Each structure stands twice: as C-alpha cells, then as structure tokens.
Amino acid sequence: MKTYDVIVAGLGAMGSATLYQLARSGVKVLGIDRFDPPHDLGSSHGETRITRSAIGEGEEFVPLVLRSNGIWSELEQATGNELLKKTGLLIFASGTESSVMHGADILHDTIRIAKAFGIAHEALDETGLKQKFPNLAFETGSRGYFEPGAGYLRPELCIATNLSEAQRLGAEVSTGETLIAIESAGSTVKVTTDHNNYECGKLVLSAGAWIKKLLGPRVGSGEFRIFRQAMFWFETEADYSEAHFPVYLKAGDDERSSYYGFPSIDGANSIKAGFEQFDSETDPDSVDREVTEAETDAAFELVSKSFRIRREGARAKTCLYTVTPDFGFVIDFLPDADNVLVVSPCSGHGFKHSAGIGLLAKQMVSGEEPYANVSKFRFRA
Ligand SMILES: Cc1cc2nc3c(=O)[nH]c(=O)nc-3n(C[C@H](O)[C@H](O)[C@H](O)COP(=O)(O)OP(=O)(O)OC[C@H]3O[C@@H](n4cnc5c(N)ncnc54)[C@H](O)[C@@H]3O)c2cc1C
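All of these numbers come straight from a predicted model, not from anything done at the bench. (Residues numbered from 1 in each chain as written. Predicted model: local features only at pLDDT ≥ 70, side-chain atom pairs only at ≥ 80, totals over all residues.)

Caption draft 1: The overall build of the protein, seen in detail. Each helix and strand in the protein was counted, giving eight helices and 21 strands. Its C-alpha radius of gyration of 21 Å places the protein within 12% of the 21 Å reference for a compact globule of 381 residues. With respect to the principal axes defined by its C-alpha atoms, the protein has extents near 65 × 45 × 40 Å. A burial count over the protein gives 50% of its 381 residues as buried. (Helix = DSSP H or I, 4+ residues; strand = E, 2+ residues; numbered from the N terminus. Rg over C-alpha atoms; globule rule 2.2 N^0.38 Å. Buried ≥ 20, exposed ≤ 12 C-beta atoms within 10 Å, placed from the backbone.)

Caption draft 2: Layout of the pairing of strand β15 (residues 225–235). Strand direction decides the pairing type here: β15 and strand β19 (residues 315–323), joined by nine bridges, are antiparallel. Within β19, the position partnered with R225 by the bridge is V323. Direction of pairing for β15 relative to strand β18 (residues 270–275): antiparallel, over a ladder of six bridges. In the sheet register, E235 faces β18, and the bridge partner there is S270. (Pairing = 2+ DSSP bridges.)

Caption draft 3: Region of the structure containing the pairing of β18. When you tally the buried positions in β18, you get six out of six residues, the bulk of the element. Side chains S270, K272 and G274 project from β18 onto one buried face, and the interleaved I271, A273 and F275 project onto a second face that is buried too. Across three bridges, the pairing between strand β17 (residues 259–262) and β18 is antiparallel. Along β18, the bridge assignment pairs G261 with A273.

Caption draft 4: Looking closely at the site of the ligand. Lining the immediate surroundings of the ligand are 39 residues, of which G10, G12, G42, G208 and G350 lie closest. A per-class count over the shell around the ligand returns 19 nonpolar, 16 polar and four charged. In this structure, the shell around the ligand is formed jointly by two domains, domain 1 (2–48 + 155–222 + 326–377) and domain 2 (64–153 + 224–322), each of which donates at least three residues. (Near = placed C-beta within 6 Å. Nonpolar A, V, L, I, M, F, W, Y, C, P; charged D, E, K, R; others polar. Domains from an automatic or database assignment.)

Caption draft 5: Focus on the packing of helix α1 (residues 13–24) against helix α5 (residues 155–168). Packing of α1 against α5 brings their axes to within 8 Å, and their N-to-C directions diverge by 30 degrees. If you check the angle between α1 and α5, you find them roughly parallel. For the element pair α1 and α5, the recorded crossing hand is left-handed. Seen from α1, the contacting residues are A13, S16, A17, L19, Y20 and A23; seen from α5, they are P155, I159, N162, L163, E165 and A166. Residues of the contact of α1 with α5, tallied by class, amount to nine nonpolar, two polar and one charged. (Axes fitted to C-alpha atoms, helices over the stretch in contact; angles between N-to-C directions. Parallel < 35°, antiparallel > 145°, perpendicular 65-115°, else oblique. Left-handed = near helix turned anticlockwise from the far one by under 90°. Contact = placed C-beta atoms within 7 Å.)

Caption draft 6: Summary view of the domain arrangement of the protein. Entries for the protein in the domain assignment read domain 1 (2–48 + 155–222 + 326–377) and domain 2 (64–153 + 224–322). Contact residues are listed per partner, giving 32 residues for domain 1 and 28 residues for domain 2. At the level of elements, α5, α6 (211–215) and α8 (354–365) are the ones that each hand at least two residues to the side of domain 1 that touches domain 2.

Caption draft 7: Geometry of the sheet that holds strand β3 (residues 49–51). Strand order in the open sheet formed by three strands is β3-β10-β4, and the pairing between neighbours is antiparallel. Each having just a single partner strand, β3 and β4 (84–86) make up the two edges of the open sheet. Averaged over all pairs of adjacent strands, the angle between their axes in this sheet comes to 30 degrees, without regard to strand direction. Pairing of β3 with strand β10 (residues 151–153), which is carried by three bridges, proceeds in the antiparallel orientation. Following the sheet pairing, T51 is matched in β10 by G151.

Caption draft 8: Region of interest: the environment of R67. Tracing the backbone shows R67 in helix α2 (residues 62–79). Classification of R67 by C-beta neighbours within 10 Å gives partly exposed; the count is 19. Residues R67 and R112, spaced 45 residues apart in sequence, show a C-alpha to C-alpha distance of 20 Å. Contact partners of R67, with chain neighbours within four places excluded, come to G356, L359 and Y371.

Right, here's the structure in full:
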C-alpha cells in the first residue's frame, strides 16, 4: 500500500492551492481528483472570479484575501502567468432597495470593513456614479462603492498554475481517481479510491460540491447545501472593456434583483453577469447543466436596465455553490477524526481566498500556528 504524509482529495480551487503549499513545505503529498482539473463540472470555471479586499461578508475573511494576493503575485513571478488583473470594483445599489448579498448588507458592510482595514476606496452618490461610469444607467438616489485595488482572477489558470507548481516541487497528482471511503485509525487515515488503497498521516477533503455526499451523516444535514447557479455573457453596445470598466456587484433587496459581473476581457466585447439563487438545492451528479432561454431572458431583462447589451448572441453556463448556513466557510477537522481536514469554502465567495486558504490548510495539517483566526470556520456544534 502506498503511503503519504498528506493526501489532498479534490484539486479545484482549494485543493490545488493546498497541494501547492504542502509541496513547497517538502512533505510527501498526493493529490487526487475524480476529473482532470481545471474542469467545468464543479465551482471553479467560467473564466473569471471577482477579488476584492474589503470583504463585506465579514472581517474574518480579510486576512485570507490579503494573504492570497501575496501568493498569487509569488506564483505570477515564478511562472509568468497573469492570474490577477486589477480593474477596480464597483458596488452599486438603488436608493430605494437594500443591498443584500451573502447574508450581508454588502454595500454598507463593505464600506465599514474598508474603513476598518484602511483599504483604499471611494463612497459614491448618484452624481459621482454617473460621472465615473457614464455607460451605466443608475436609478434615482443610487449609492455606490469603488475599490481601485480590486479586480478579477482567472480561475482555470490559477488552478493549473497551482498544480504545475506543486508537481514541480514534488507533489504527485492522480486525476480520474475518485475517493470513495475514509477510515481514520489512530495516527493514520486509510483512503480508498476507485483505483487504489492508500495510507496517510493527514487527509485534506476539498471536494467542493461533492463534500455533502462524501461526508453523509458524519456532519449535520444542514451544514452544506448545494445550489445550481447560472452565469451569462452578453454582447455589448457600449465600451465596458477592462481598460475602462471594473468588476461589479449590483446589489438589490434579494438575489432576484442582484447580480455581479465582469467587464469585457481579452477584447471580447461582451460582459459577464452572474446570478445567485438559493431556492432549490441540487446534486452535483444529476444537476441540469443546460441554461434555458427563459433564464437568459430574465437575466437580460435585469442587466439591461443598467448596461447597454444585446440579447442576441448571449451564451450561458451553470456552476455549483456549496453554501453553509451563515454563508461562510468550513475549514475544520472532522468532528470524529482529527486527522481529516475539511476545506469547503464556497458560499459563493471563496475563490479570492483560495490561495491563502491553501496556506492555512497546510499550517493546520502540519500542526503549525495558523496565520489567521479560524474560529469562525468551524463545523457547527
Ligand atoms: C458561478 C460562480 C461564481 C462565483 N464567483 C465568485 C467570485 O466572483 N469570487 C469569489 O471569490 N468566489 C466566487 N465563487 C466561489 C468560488 O468559485 C468557490 O468558492 C470555489 O471555486 C470553490 O472551490 P472548491 O475547491 O471548493 O471546489 P472545486 O473547485 O469545484 O473543486 C472540487 C474538486 O473536487 C473534486 N472531487 C469531488 N469529489 C471528489 C472525490 N470523491 N474524489 C476526488 N475528487 C473529488 C472535483 O472534481 C473538483 O475538481 C463563485 C462560484 C460560482 C459557482
């Protein structure tokens, strides 16, 4: 039987970042994935992910993103890959609606956190918004926030870079291999996959939307909920190119009136807009991955109130959220196995933190003092 210091099961955003950090520290590590990451079947595809430093979802996230930014930059220097592009971030909301997102009042809480952490930003009123973004239509009394240091990450390239750097530093990677059972016995964990049996000192479970099925009754039934989300690309009739236009969040009273998105990148003349829904849960193995015309119509209707876009030529894709009850993260050892670390930070806002979470996971399985406070990322009692 093959043995490792650590096995990482699931090599998407979180697992690939963890594998990179473990390989860097010199431990004997194996990463396995049921598919061949980066792929478009989990939570980490679709060309772009927003990164912002004032995290309105909670101050506990700020150290993660700040650490991540340093790691992306280190990876960029080592490989020459451009992972993070700074475009600035605009959050805007009408004067009459609240700005609810991920359980926070995202506009109000982002400004509060930006002030608390000294993150450069501007708070904008309707006049300021119209002056700064003349190609957007704003409702009367609109309010906004602009963070110049924010931007977007290229998720597929981030994952590919983590994996290639991890392998260069000595990690083993096995794709097309699915973890099916774990047994924690004293100081070792027995890991069974559809191809092999392994033994390791520590196991990191970073299986994204599959975590709920994988853990089954080991954790509370409400700990993770899986939701299908849709993202759309609309051709533009005005200049929203990344040289002149930022990533954005349009916040409304609820997810039906809110969306987020990206400028035109790589000269594409299309913006991307993503929507969230928390009404019906799904299963990653049977989710409907087709987006209907009706879904695209509804997205167009809302986005075209602010952006000058065309309905014709729109394309769309689905993706999966793994959501905890408080829209936060779980980065914790299993209640019944202190050598199995679950790393499941999604809740719709995990990617920007993934590089820093990889470092946190490496510190936790190595018995080192974590650089960030993890008390908010524990399983619920
Ligand atoms: C549409 C959408 C938009 C988002 N926008 C943003 C954003 O703008 N900014 C932001 O910060 N975050 C955003 N997020 C959240 C972010 O993308 C996620 O938090 C992050 O991608 C989750 O990474 P993960 O590693 O948990 O999951 P994944 O990247 O999906 O990785 C899980 C991996 O585990 C593998 N796996 C599963 N089961 C097994 C098994 N049994 N054995 C072996 N391997 C297995 C899978 O194949 C997969 O590769 C968004 C998410 C979605 C879906």
